[in-house]
Amino acid sequence: AEDGYKLWLRYDKIDNPVLIEKYRQLIKGYSFKGNSPSIKVAEKELNLALNKLLDCEIQTLDNLRSNVILAGAHKNITLNLPEEISNKLKTIGDEGYIIKTFETEGKRITLITANADIGVLYGTFHFIRLLQMQSDIDNLNIVESPLIKLRLLNHWDNLDRTVERGYAGFSIWNWHLLPDYIDPRYKDYARANASIGVNGTVLTNVNANSLVLTKQYLKKAAALADVFRPYGIKVYLTARFSAPIEIGKLSTADPLNPEVRKWWKEKAKEIYELIPDFGGFLVKANSEGQPGPQNYGRSHSDGANMLAEAVEHYGGVVMWRAFVYDNNVPEDRAKQAYNEFKPLDGKFKDNVLIQVKNGPIDFQPREPFHPLFGAMPETPLMMEFQITQEYLGQGTHLVYLAPLFKECIESDTYAKGAGSTVAKVIDGSLDNHALTGIAGVSNIGNDRNWTGHLFGQSNWYAFGRLAWNHNLTSEQIAEEWIRLTFGNKNEIVEIIKNIMMPSRENTVNYMTPLGLHHIMGWDHHYGPAPWIKDKPRAEWTSVYYHRADSNGIGFDRTVNGSNAVSQYHSPVSEIFNSLEKCPEKYLLWFHHVPWDYKMKSGKTLWEELCNHYYAGVDSVRSMSKKWKQLEGKIDSELFDHVSMLMKIQEDEAVWWRNACVLYFQTFSKLPIPEGFEKPD
Ligand code: GCU
């Protein structure tokens, strides 16, 4: 039985007898050139994969013969290679790779080559994926390189192994047993990440604990870095801004104080002695009560630049988060990050990235793109997506997130006219930045299957694939993941794809349709609670966001309201500002709309809102029906696991619908439209 531990690296025997025989003919052996740890793990991976997928011993060959896989960095390949390969190598950087079938001296060779050994590892994983997906490998001609440089997971993991917004058990980092005990799981984590191109990991929570910067913990982080290094994965840590006080015994953390600056420089030196390829720091400052430079009357740039100076000598970066808000600012929360950061454009050192969440509030089921994208051309902006489903049903709801990620990166900021997509901001092409990045808040925990819900694995997978190539479609990625996870029977693939593809929209419908947001349960963010009020901070209440009253519902962010629309470039600002032109999916995000407003469908807003909530429930029910068709056709443990969770999701979709419809009805005072079952 299958417990999901192996993720998308299951390497089950190819179930097609004709194909397996063909593959055996085409892969007589392999030869890896080079001796680095990355080459060694690549060879080991290919050996494992071939022996299992082809169910026969495939060995390394010293002498080149026909039908072998030849893998190695260009400089280590002694064969005369076709000229086009050398030309292409010049364009693909250190992480890119080429997989090419060609003939030399009458021998058929499948070459996996790159400029650096890490590219060979990535190419090896790609080749394995082709076999897993039962693709044609007769005549390969693949050239790949990542569009974004830093492709990171952000673990919100605490040193006591609890995970902020984690729904898959405890942290996989066993700080207690590190550095001496290396859980084999760390290596599997690295394999899985390398297979999708993730090249960095921030080990600790953004709500940081200074202790991780003490020698004792740095040694533990160094042990993890040693495991990850062959896989091209760098370790990063979160830096608590007040660390110089808490662990450095200084009386201040003022970023302009020479003692404080010296302390960080020495800390950086100490870190790099233990972790020579340490990636750098991720910082949450002056947000949700975290300390930061503003405590000393300094700016975000003063703070970021101090840390950047400490790590620049070693090639490290600082990822400074734009997720800031403060209740002393009587401003629409959606506007605060832009207000604080836009004026600082051009004031950051070259090794600073500003890490911006996809939307201006907080990882909601649906948000418009963050207005900072396109607003800071002088500064590399990193994307921060959330893979863990804090606001999307957490560990129990099946929600495939690639459509959410894609919706954001395909949005057009119009910063430099039409076509200035968020994707071009973050891949550096819009404003010519070489330093680029994307981060995903991890959904990984110590559950056997890593992510709690099996389908959480698809979101980890999708994040990595999109971080590598944001031009892939959600559907392509879903199809890959399904084939790697459930095998290649088309009937099964189609059913599961039909479950995954609409799943995010389903959840928007039963939770927060038409631009509603942040009406989840108080603090834990699970389940509906649009009624929350009377909290010390306005943004801690739900009523702050939906603003339902007897006239209508929605947050007026137009020029007559909070004017958040003005943070977008024209024509986006005018479109969002216009009641008629604003896409209905964002309607209540930007407008306070009367209950009897006529929607595009001809229905009133109230009827339309009900429609969405009811449609959300119906779609979860039909999703369950589709899943039931898989009984007996897929592994029974996986089947049962998902079936049980879907039952919860179905009940909770009803819970969401009833709670929201009944609560909003107390304002609209309108009946539930005919034909709908009665909520209770
Ligand atoms: C959300 C989340 C917090 C987290 C914060 C952040 O608000 O609920 O738990 O700390 O985001 O991104 O910093």
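Everything numeric here is computed off the predicted structure, so don't read it as measured data.

Enquirer: Outline the layout of surface pockets, supporting the account with residue identities and numerical values.
Expert: Reported here for the largest pocket is a volume of approximately 640 Å³. Around the largest pocket, the lining comprises 25 residues; the ones closest to its centre are Glu95, Lys149, Leu150, Asn199 and Lys234. Elements represented by at least two residues in the lining of the largest pocket include exactly α4 (117–132) and β8 (234–238). Considered as a void within the structure, the second largest pocket measures approximately 470 Å³ in volume. Taken together, 29 residues line the second largest pocket, and the ones lying closest to its centre are Arg165, Glu288, Tyr325, Asp523 and His525. Considered class by class, the residues forming the lining of the second largest pocket number nine nonpolar, eight polar and twelve charged. Two domains each put at least three residues into the lining of the second largest pocket: domain 2 (150–470) and domain 3 (507–555 + 592–668).

Enquirer: Would you mind going over the site of the ligand in detail, with residue names and values included?
Expert: Within the structure, the ligand sits among 13 residues, and Glu164, Lys284, Arg321, Lys357 and Glu390 are positioned closest to it. Between Arg165 and the ligand, the recorded distance is 2.9 Å, taken from a side-chain N or O atom to an oxygen atom. Within the contact set of the ligand, an oxygen atom lies 2.9 Å away from a side-chain nitrogen or oxygen of Asn207. When grouped by side-chain class, the residues that make up the shell around the ligand number three nonpolar, two polar and eight charged.

Enquirer: Which residues make up the sheet that holds strand β6 (residues 150–154), and what are the values?
Expert: Spatial strand order, β6-β7-β8-β9-β10-β11-β12-β13: eight strands in a closed barrel with parallel pairing. Sheet twist, expressed as the mean angle between neighbouring strand axes with direction ignored, is 25°. Pairing of strand β11 (residues 352–357) with strand β12 (residues 381–386) involves four bridges; the strand directions are parallel. Bridging across to β12, Ile354 finds its partner in Leu381. Against the sheet, helix α13 (residues 456–468) makes contact with β6 and β13 (437–441), and its axis sits at roughly 160° relative to β6, the strand it touches most.

Enquirer: Which residues make up the sheet that holds strand β2 (residues 68–73), and what values do they have?
Expert: Strand order in the open sheet formed by five strands is β1-β2-β4-β3-β5, with mixed pairing between adjacent strands. The strands lining the two open edges of the sheet, one partner per strand, are β1 (29–33) and β5 (141–144). On average, adjacent strands in this sheet sit at an angle of 20° to one another, irrespective of strand direction. Two elements, β2 and strand β4 (residues 107–114), share six bridges in a ladder whose sense is parallel. Considered in β4, the bridge of Ile69 is made with Thr110.

Enquirer: Can you break down the packing of α13 against helix α14 (residues 474–486) residue by residue, with the values?
Expert: A pair of packed helices can be characterised by two numbers: the angle between their axes and the separation between those axes. Contact geometry for α13 and α14: axes closest at 10 Å, N-to-C directions at 130°. Comparing their axes, α14 and α13 come out oblique. Our pair here, α13 against α14, has a crossing hand that is right-handed. On α14, the residues that touch Gln457, Ser458, Tyr461, Ala462, Arg465 and Leu466 of α13 are Ile477, Glu480, Trp481 and Leu484. Here the contact of α13 with α14 is built from residues that sort into six nonpolar, two polar and two charged.

Enquirer: Outline the nonpolar core, listing residues and values.
Expert: Residues Phe127, Phe228, Trp264, Trp320, Phe486, Trp627 and Phe664 are the most contacted members of the largest nonpolar core, which totals 219 residues. Core analysis: the second largest hydrophobic core is formed by twelve residues, Val68, Leu81, Ile98 and Phe102 among them.

Enquirer: How would you sum up helix α16 (residues 503–511)? Please name residues and give values.
Expert: Of all nine residues in α16, eight are buried, a share of seventy percent or more. Its buried side turned inward, α16 meets α11 (402–409), α15 (490–500), α20 (605–628) and α21 (636–668).

Enquirer: An account of unusual backbone geometry is requested, with residue identities and associated values reported.
Expert: Cis geometry marks the peptide bond from Leu178 to Pro179, where omega comes out at 0°. Considering the arrangement of structural elements, one finds Pro179 in the loop between β6 and α5 (184–196).

Enquirer: Lay out the pattern of salt bridges in plain terms, naming residues and giving numbers.
Expert: Enumeration over the complete set of coordinates arrives at 46 salt bridges. Between Lys335 and Glu331 there is a salt bridge, with its nearest N and O atoms 3.4 Å apart. The exposure class assigned to Lys335 is buried, which follows from its relative accessible area of 10%. Across the salt bridge formed by Lys357 and Asp362, the nearest N and O atoms sit 2.7 Å from each other. Under the relative-accessibility criterion, Asp362 is labelled buried at 6%. Members of the salt-bridge network, linked through shared partners, are Arg366, Glu407, Arg504, Glu505 and Lys585.

Scoring rules and cut-offs
- Residues numbered from 1 in each chain as written.
- Predicted model: local features only at pLDDT ≥ 70, side-chain atom pairs only at ≥ 80, totals over all residues.
- Heavy atoms only, no water.
- 1 Å grid on protein atoms, 1.4 Å probe; cavity = no way out; pocket = protein on both sides within 12 Å on 5 of 7 lines; lining within 4 Å.
- Points joined across faces, edges and corners; volume = space filled by probe spheres on them.
- Helix = DSSP H or I, 4+ residues; strand = E, 2+ residues; numbered from the N terminus.
- Nonpolar A, V, L, I, M, F, W, Y, C, P; charged D, E, K, R; others polar.
- Domains from an automatic or database assignment.
- Near = heavy atom within 4 Å.
- Polar contact = N/O pair within 3.5 Å; in protein donor to acceptor, adjacent residues only side chain to side chain.
- Pairing = 2+ DSSP bridges.
- Axes fitted to C-alpha atoms, helices over the stretch in contact; angles between N-to-C directions.
- Contact = heavy atoms within 4.5 Å.
- Parallel < 35°, antiparallel > 145°, perpendicular 65-115°, else oblique.
- Left-handed = near helix turned anticlockwise from the far one by under 90°.
- Core = buried A, V, L, I, M, F, W, Y, C linked by side-chain atoms within 4.5 Å.
- Buried < 20%, exposed > 50% of the residue type's maximum accessible area, 1.4 Å probe, protein only.
- Salt bridge = Lys/Arg side-chain N within 4 Å of Asp/Glu carboxyl O.

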